[in-house]
Amino acid sequence: MTETSELVIEEGVLPSSDDFLRDALAGLTAPRKTLPTKYLYDAEGSRLFEEICGLPEYYPTRTETALLQTIAHDLAASISRHAVLVEFGSGASVKTRALLDAAPHLEVYVPIDISQSALDEAAESLRADFPDLQVVPLVADFTASHALPAAADGRPHVGFFPGSTIGNFSPEAAGHFLKSALATLGADSRFILGVDLAKEPEVMVPAYDDAQGVTAAFNLNLLARLNRELGADFVLDAFAHRAVWNEAESRMEMHLVSRKEQTVHLGGREIVFTEGETIHTENSHKYTYEAIAVLAAKAGWRIEESWVSDPFPFAILLMSAA
Ligand SMILES: C[S@@+](CC[C@H](N)C(=O)[O-])C[C@H]1O[C@@H](n2cnc3c(N)ncnc32)[C@H](O)[C@@H]1O
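The structure displayed is predicted, hence computed values, not measured ones. (Residues numbered from 1 in each chain as written. Predicted model: local features only at pLDDT ≥ 70, side-chain atom pairs only at ≥ 80, totals over all residues. Heavy atoms only, no water.)

## Some words on the sheet that holds strand E13 (residues 278-285)
The three strands are arranged E9-E10-E13 in an open sheet whose pairing can be described as antiparallel. The outermost strands of the open sheet, each flanked by one partner alone, are strand E9 (239-246) and E13. The average undirected angle you get between the axes of adjacent strands in this sheet is 20 degrees. Judged from the seven bridges that link them, strand E10 (residues 251-258) and E13 form a sheet pairing that is antiparallel. By the bridge assignment for E13, Glu253 is matched with Asn283. (Pairing = 2+ DSSP bridges. Helix = DSSP H or I, 4+ residues; strand = E, 2+ residues; numbered from the N terminus. Axes fitted to C-alpha atoms, helices over the stretch in contact; angles between N-to-C directions.)

## Here's the deal with the packing of aromatic side chains
Summed over the entire model, instances satisfying the criterion amount to 19 aromatic pairs. Where Phe239 meets Phe273, the ring centres are 5.1 Å apart and the plane angle is 80 degrees; that geometry is what we call edge-to-face. Of the two residues, Phe239 is situated in strand E9 and Phe273 in strand E12 (residues 269-273); the sequence distance between them amounts to 34 residues. The class of Phe239 is buried, set by a relative accessible area of 1%. Cluster of aromatic residues (ring-pair linked, three or more members): Phe88, Phe142, Phe161, Phe169, Phe177, Phe191 and Trp301. Seen from the ring of Phe20, Arg225 lies directly overhead, with NZ or CZ sitting 4.8 Å from the centre. (Phe/Tyr/Trp six-rings, centres within 6.5 Å; stacked < 30°, edge-to-face > 60°. Buried < 20%, exposed > 50% of the residue type's maximum accessible area, 1.4 Å probe, protein only. Lys NZ or Arg CZ within 6 Å of the ring centre and 35° of its normal.)

## What about the site of the ligand?
Near the ligand lie 17 residues; those nearest to it are Gly89, Lys95, Asp113, Asp141 and Phe142. Between the ligand and the protein, one listed contact pairs a nitrogen atom with a backbone N or O atom of Gly89 at 2.7 Å. Side-chain polar atom of Asp141 to a nitrogen atom of the ligand: 2.8 Å apart, as the coordinates give it. Protein chains shield 93% of the accessible area of the ligand, which is 590 Å² for the free molecule. (Near = heavy atom within 4 Å. Polar contact = N/O pair within 3.5 Å; in protein donor to acceptor, adjacent residues only side chain to side chain. Areas by Shrake-Rupley, 256 points an atom, 1.4 Å probe, with all protein chains shown as cover.)

## Concerning the pairing of strand E11 (residues 262-266)
Only one face of E11 is buried: it carries Gln262, Val264 and Leu266, and the other face, with Thr263 and His265, is open. Bridging between E11 and E12 involves five bridges; their strand directions are antiparallel. When the sheet's bridge partners are listed, Val264 is paired in E12 with Ile271. In textbook terms, the turn of a hairpin is the stretch between consecutive antiparallel strands, and for E11 and E12 this stretch comprises two residues, one of which, Gly267, has a positive phi near 55 degrees.

## Here we look at unusual backbone geometry
In this structure, Pro311 follows Asp310 across a cis peptide bond, with omega equal to 10 degrees. In this fold, Pro311 is placed in the loop between strand E14 (301-308) and strand E15 (314-321). Even without being a glycine, His82 presents a positive backbone phi close to 65 degrees. Assignment of secondary structure puts His82 in the loop between helix H3 (59-77) and strand E3 (83-88). Residue classification places His82 among the partly exposed positions, given a relative accessible area of 39%. We note that Ser93 has phi near 55 degrees; this positive angle belongs to a residue other than glycine. Tracing the backbone shows Ser93 in the loop between E3 and helix H4 (96-102). Residue class for Ser93 comes out buried when judged on its relative accessible area of 1%.

## Some words on the environment of Ala181
Residue position: Ala181 is located in helix H6 (residues 171-185). Given the relative accessible area of 1%, Ala181 is considered buried. C-alpha separation for the pair Ala181 and Asp233, spaced 52 residues apart in sequence, amounts to 39 Å. Not counting residues within four places of it along the chain, the set of residues in contact with Ala181 comprises Phe88, Phe191 and Trp301. (Contact = heavy atoms within 4.5 Å.)

## Describing the UniProt feature "domain: Histidine-specific methyltransferase SAM-dependent" (unreviewed entry) in the chain
This chain's UniProt record puts "domain: Histidine-specific methyltransferase SAM-dependent" (unreviewed entry) on residues 22-319. The annotated region residues 22-319 carries 36% helix and 26% strand content, and the separation between its end C-alpha atoms amounts to 37 Å. (UniProt positions renumbered as here; feature names shortened; annotations may be inferred.)

## Let's talk about the pattern of salt bridges
A side chain of one charge can pair with a side chain of the opposite charge if their charged atoms are brought near each other. Evaluation of the coordinates by the stated rule reveals 16 salt bridges. Residues Arg22 and Asp19 are paired through a salt bridge, measuring 3.2 Å at the closest nitrogen-oxygen approach. With Arg22 and Asp19 both in helix H1 (residues 17-28) and three residues apart, this pair spans about one turn of that helix. In this structure, Arg47 engages Glu44 in a salt bridge whose closest nitrogen and oxygen atoms are separated by 3.0 Å. Residue Arg47 and its partner Glu44 are both found in helix H2 (residues 43-53); the two are separated by three residues, about one turn of the helix. (Salt bridge = Lys/Arg side-chain N within 4 Å of Asp/Glu carboxyl O.)

## Here we look at the environment of Leu133
As for its position among the elements, Leu133 is in the loop between helix H5 (116-129) and strand E5 (134-135). Judged by relative accessible area, which is 10%, Leu133 ranks as buried. Apart from the residues within four sequence positions on either side, Leu133 is in contact with Leu100, Leu106, Glu107, Val108 and Tyr109.

Below, the structure is given as structure tokens:
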């Protein structure tokens, strides 16, 4: 790990362009084509995601933010003095502000994200607004286990995982993540988890397929990124964004659909698409409260308190090591 006072870069766990090419080729040559979700978030992807958060159709951000603001003082009361807040997939760290405002006794903040541009911008703005807070961003893939920066040593640890990012994992991988978060944060830690709960497809589908086409641009940026960074020759207009509710798996899915039969080149390989064939780019699993509670318990977390918003059910769980 390379540590400066400004930024910590976890070596070996951030995907290199070789990893990106290997992962992209593995996904695009599989019988059912896929691309890993984490590659949606380069600088442009992070910018587009922030735009999505402000869209009228995207209920999760405003629902979770409103709930966090309502319960911030309850959450703050559970946070020990001198604690470090460790956020997984922190993006622009907007929701974090509700916690930081309510818990000035938090002394260190470690935002972890795969997108360096998102971390840089968030850190600069937080340092300006919370001058007493030590902000130590960590550029890393949160699916790999990692040591926390030295600034976290000897402090009570509070994990924060909002945005229902946990829904991007399969339930099995979500269980592994929760276990590994417990190992990273330690036995005396607390963990605050935000999870979107299943609701009517009429509400969920537009959230992933908005009228202005911002989610479509976010999804298509993955192909633009393959062109920019790996020299692929995807014609963006030849693919369409599609969002579907998969009832059997209880998840929203994002796909890129080939509008015609076509061949694309990547890393010296030819990738053939039939008309209507899709690349599966993202899952957002939607849980029932009971299902997420069971998953957390199996991973070793005990729910101390929980809140569910209304009318769009979104859960925030305050947990401690069981
Ligand atoms: C759904 S967004 C949520 C952002 C923010 N927490 C919120 O609630 O608005 C997911 C975030 O996780 C980051 N991310 C996705 N996969 C990641 C990975 N494997 N490792 C680290 N960060 C990741 C993305 O860059 C993005 O900032």
